[in-house]
Amino acid sequence: MSKEIINRVANSSLITIDLEDYAPNMEILELDLKQFLFEGFILKEKDFRASLKEFDFSKYKNKVVGVFCSSDCIIPMWAFMLIASHINNIAAEIHSGNKNTVFKQLFLQNIKNIKAVEFENKKVIVKGCGQTPIDESLYLEITKKMRNTVYSLMFGEACSAVPVYKK
């Protein structure tokens, strides 16, 4: 006689949070200030302003834009403000940093926007692996977000979860 197989994980009260669900799903474009610098290293205000006036910003229309400078030089703060003034009404969002930095900023913002109260006194597992690279700051943020709300917080999969916190 064979016993019926029961999926105890599916029948449990565990809630799995997959951080990939909070990854930004919008296209992020980079705007490198280096292209507006004299020989890629020197900011000449007159030339910088002229370059910005001539530059076609249309490719940034309704996109998330990361503004940064890949050149190892000193960029005055007003230069970033000037760039922002040129793309403010074109881009959907403007952030400081390259594509990876902006992706991480948006990811953190999405985690911060989770309503922790929905997980109050629940047993929660934060999924540990997937297709999207997730760095440690995101795991720190979800832990900070859930720590004082959930009954228990674990990392991994239901079959091999690592306990992180329990009331």
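Analysis parameters
Residues numbered from 1 in each chain as written. Predicted model: local features only at pLDDT ≥ 70, side-chain atom pairs only at ≥ 80, totals over all residues. Heavy atoms only, no water. Pairing = 2+ DSSP bridges. Helix = DSSP H or I, 4+ residues; strand = E, 2+ residues; numbered from the N terminus. Axes fitted to C-alpha atoms, helices over the stretch in contact; angles between N-to-C directions. Contact = heavy atoms within 4.5 Å. Buried < 20%, exposed > 50% of the residue type's maximum accessible area, 1.4 Å probe, protein only. Phe/Tyr/Trp six-rings, centres within 6.5 Å; stacked < 30°, edge-to-face > 60°. Lys NZ or Arg CZ within 6 Å of the ring centre and 35° of its normal. Patch = residues over 30% accessible without salt bridge, like charges linked within 9 Å, V, L, I, M, F, W, Y side chains within 5 Å. Areas by Shrake-Rupley, 256 points an atom, 1.4 Å probe, with all protein chains shown as cover. Salt bridge = Lys/Arg side-chain N within 4 Å of Asp/Glu carboxyl O.

Re the sheet that holds strand β1 (residues 14-17)
The four strands lie next to each other as β1-β5-β6-β7, forming an open sheet whose pairing is mixed. Looking along the sheet, the strands with just one partner apiece sit at the ends: β1 and β7 (162-166). Looking at each pair of strands side by side, their axes are set apart by 25° on average, direction ignored. Relative to strand β5 (residues 123-126), β1 is paired through four bridges, and the arrangement is parallel. Bridging from a neighbouring strand, L14 pairs with K123 of β5. Packing against the sheet, helix α5 (residues 136-146) makes contact with β1, β5, β6 (152-155) and β7, and its axis sits at approximately 165° to β6.

Some details on the side chain of S152
Within the fold, S152 resides in strand β6. The class for S152 is buried, based on a relative accessible area of 6%. Dropping the residues within four chain positions of it, S152 is found in contact with K122, K123, V124, Y165 and K166.

What about the packing of aromatic side chains?
With the rule as written, the count across this model stands at eight aromatic pairs. Ring geometry for F48 versus W78: centroids 6.0 Å apart, planes at 80°, classification edge-to-face. Linking F48 in helix α2 (residues 45-54) with W78 in helix α3 (residues 77-87), this pair joins segments that are 30 residues apart in sequence. Residue class for F48 comes out buried when judged on its relative accessible area of 0%. Classification of W78 as partly exposed rests on a relative accessible area of 31%. Plain terms: the ring middles of F57 and Y60 are 6.5 Å apart, the flat faces sit at 45° to each other, and that makes the pair tilted. Of the two residues, F57 and Y60, neither departs from the other in class, the shared state being buried. The ring centre of F38 lies 3.9 Å from the NZ or CZ of K44, which sits over that ring.

Observations concerning a nonpolar patch on the surface
Taken together, the side chains of F38, F41 and I42 present a nonpolar region at the surface, about 290 Å² in accessible area. Residue position: F38 is located in the loop between β2 (28-32) and α2.

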